[in-house]
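# Report on the structure
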Amino acid sequence: MIRSIRVRVFTTTAHTAVDEAGHRHPSEPHEVREALLEITDADGVTGYCQVQPDQVRPAVLDKHVRPVLLDQDPWDRERLWREMAHRQRGAHGGFTDRALGYVDQALWDLVGRRVDLPVWKLLGGARDRVPAYASTMCGDTTPGGLATPQDYAAFAKRLVGLGYRAIKLHTWMPPVPGAPSVRMDVEACEAVRDAVGPDVELMLDANHWYRRTEALELGRAVQRLGFSWFEEPMEEASVGSYRWLAEQLDIPVIGPEVAWGKHMTRAEWVSSGACDILRAGANGCGGITPVLKVLHLAESFGVDCEVHGNGSASLALLGASDASRWYERGLLHPHVDFDLVPPHLHSIVDELDEDGLVALPTLPGLGDDWNLDHIATHVVDSW
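About the criteria used
What you see as residue numbers is a count from 1 along each chain, following the sequence as written. Note on the predicted model: pLDDT of at least 70 is required for a residue's local features to be given, and 80 or more for side-chain atom pairs to be given and counted; whole-chain, interface and lining totals, by contrast, use all residues. The basis for every side-chain value is the complete set of non-hydrogen atoms in the structure, without hydrogens or water. Labels follow the DSSP assignment, with helices taken as runs of H or I lasting at least four residues and strands as runs of E lasting at least two, numbered in each case from the N terminus. Whenever a nitrogen or oxygen atom comes within 3.5 Å of another N or O atom, the pair is scored as a polar contact, on the condition that within protein one atom can donate a hydrogen and the other can accept it, and that pairs from neighbouring residues in sequence are kept only if both atoms are in side chains. Whenever a helix is involved, its axis is fitted only over the stretch in contact; in every case the axis is a line through C-alpha atoms, and angles between N-to-C directions fall within 0 to 180 degrees. By definition in this entry, angles of less than 35 degrees are roughly parallel, angles greater than 145 are roughly antiparallel, angles of 65 to 115 are roughly perpendicular, and the rest are oblique. Put simply, a crossing is left-handed when the front helix is turned counterclockwise from the back one by less than a right angle, and right-handed when it is turned clockwise. Contact between two residues is taken to exist if any of their heavy atoms lie within 4.5 Å; hydrogens are not considered. Each residue is assigned to one of three groups, with Ala, Val, Leu, Ile, Met, Phe, Trp, Tyr, Cys and Pro labelled nonpolar, Asp, Glu, Lys and Arg labelled charged, and all others, Gly among them, labelled polar. We call a residue buried when its accessible area falls under 20% of the maximum for its residue type, exposed when it is over 50%, and partly exposed in between, using a 1.4 Å probe and counting protein chains only. DSSP-based pairing: two strands are paired if at least 2 bridges between them are found. By definition, the crossover connecting two strands over a helix is right-handed if that path, from the first strand to the second, turns clockwise as seen with the strands pointing away from the viewer. We count a salt bridge whenever a side-chain nitrogen from Lys or Arg sits within 4 Å of a carboxyl oxygen from Asp or Glu.

### Description of the environment of Tyr 164
Mapped onto the elements of the fold, Tyr 164 is located in the loop between helix H5 (149–162) and strand S5 (166–170). Here the alpha-carbon distance between Tyr 164 and Ala 134, two residues 30 residues apart in the chain, equals 6.5 Å. Engagement of the side chain of Tyr 164 in a polar contact is seen with the side chain of Arg 329, the distance being 2.8 Å.

Following this line, the structure appears as structure tokens:
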């Protein structure tokens, strides 16, 4: 039975920062606050999930999480997930899909640790490694960063040298001057294709505020360049716009990434022809539990479902099914060492081998190798 649920906020070191529009970029090393959600059972076994503190505030735990989980069997994850999801109605935005997703991940981590097995095996054990694509940060104005099409081209060649067989570009977005720009995006895509040749798979995650006509122009350009998919060029609230776009392009349109509605929204997208490849991630879609449903939905429709975002929950889902072709590794930038282990971890969960593959974790639970001593000695708040 679940006996305690808490969040500990701690300090650690980061080498990236988020701009005013929410996009991540390189920065000088600096101290940041992170948080760890911990769900512990009566025998002292704990499941963990790193969370955004503002998403799992004390009121969220007190009003929506503890009333459902305390004194309950963590193996009843489907029932517990549904009871928490029902509490989102009328929560006035306080209990988000992201918060629900964090709690669900910690529950899966708990039961995996309880039986000393990786979560991906509990979910199905479809494979033990997966090819990774390099997912770049958004464009910037940093010299030698991702400021020009030539910067993207040089970085793409470097990524291929590290073993990647596929690369996804995130191009320029506000507040970068001149963004969004179809012309700039096309020039970057052309430069990267010229740099890596025809045998490396390329994808584009475009600015999500383009108009229909701009999205169509850009989609036709990357289609001509042989890209493997076209992602989020428009506001995802308009399913009709994506259906209109998908009908006019041969390149697969992938989505939705951020549209509210968990697995139900993904069912609407694929059944209405708004996408050719589904998209879902444990953080934004309400957890591992609903994304597993999306993977099985994709299998039923004979389409892929690419799991959004990096990290242990994504790897667990990729081990559950072969409906996804790729693991999204990133966000990557010429000025950031993605493989640098932060102080609150002993190791990274997604080491890349020379063949561009990531092995699924062998540690029990989700596989994150927490440095609990560092976390304990750097706690600045808890609830």
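Next comes the rest of the write-up.
### Considerations on the packing of helix H2 (residues 77–86) against helix H3 (residues 97–115)
The interhelical angle for the contact between H2 and H3, taken along N-to-C directions, is 165 degrees, at an axis separation of 11 Å. When the axis of H2 is compared with that of H3, the two are roughly antiparallel. H2 and H3 meet at a crossing whose hand is right-handed. In contact with Arg 77, Leu 80, Trp 81, Met 84 and Ala 85 of H2, H3 contributes Leu 100, Val 103, Asp 104, Leu 107, Trp 108 and Val 111. The class makeup of the residues in the contact of H2 with H3 is nine nonpolar, no polar and two charged.

### So, the pairing of strand S6 (residues 201–205)
Most of S6 sits out of view: four of its five residues are buried. As judged from the five bridges shared by S5 and S6, these two strands associate in the parallel manner. The residue bridging His 170 from the neighbouring strand is Asp 205, located in S6. Handedness of the S5-helix H6 (residues 182–196)-S6 crossover: right-handed. As paired elements, S6 and strand S7 (residues 229–231) share three bridges and run parallel to each other. By the bridge assignment for S7, Asp 205 is matched with Glu 231. Taken together, S6, helix H7 (residues 212–224) and S7 form a β-α-β motif whose crossover is right-handed.

### Overview of the pattern of salt bridges
Under the defined criterion, the tally for this structure stands at 24 salt bridges. As a salt-bridge pair, Arg 8 and Glu 38 come within 2.7 Å of each other at their nearest N and O atoms. With Arg 8 in strand S1 (residues 2–18) and Glu 38 in strand S2 (residues 24–41), this pair connects stretches of sequence that are 30 residues apart. The residues Arg 8 and Glu 38 share a single accessibility class, namely buried. Linked through salt bridges whose partners overlap, the residues forming this network are Lys 168, Asp 205, Glu 231, Arg 279 and Glu 328.

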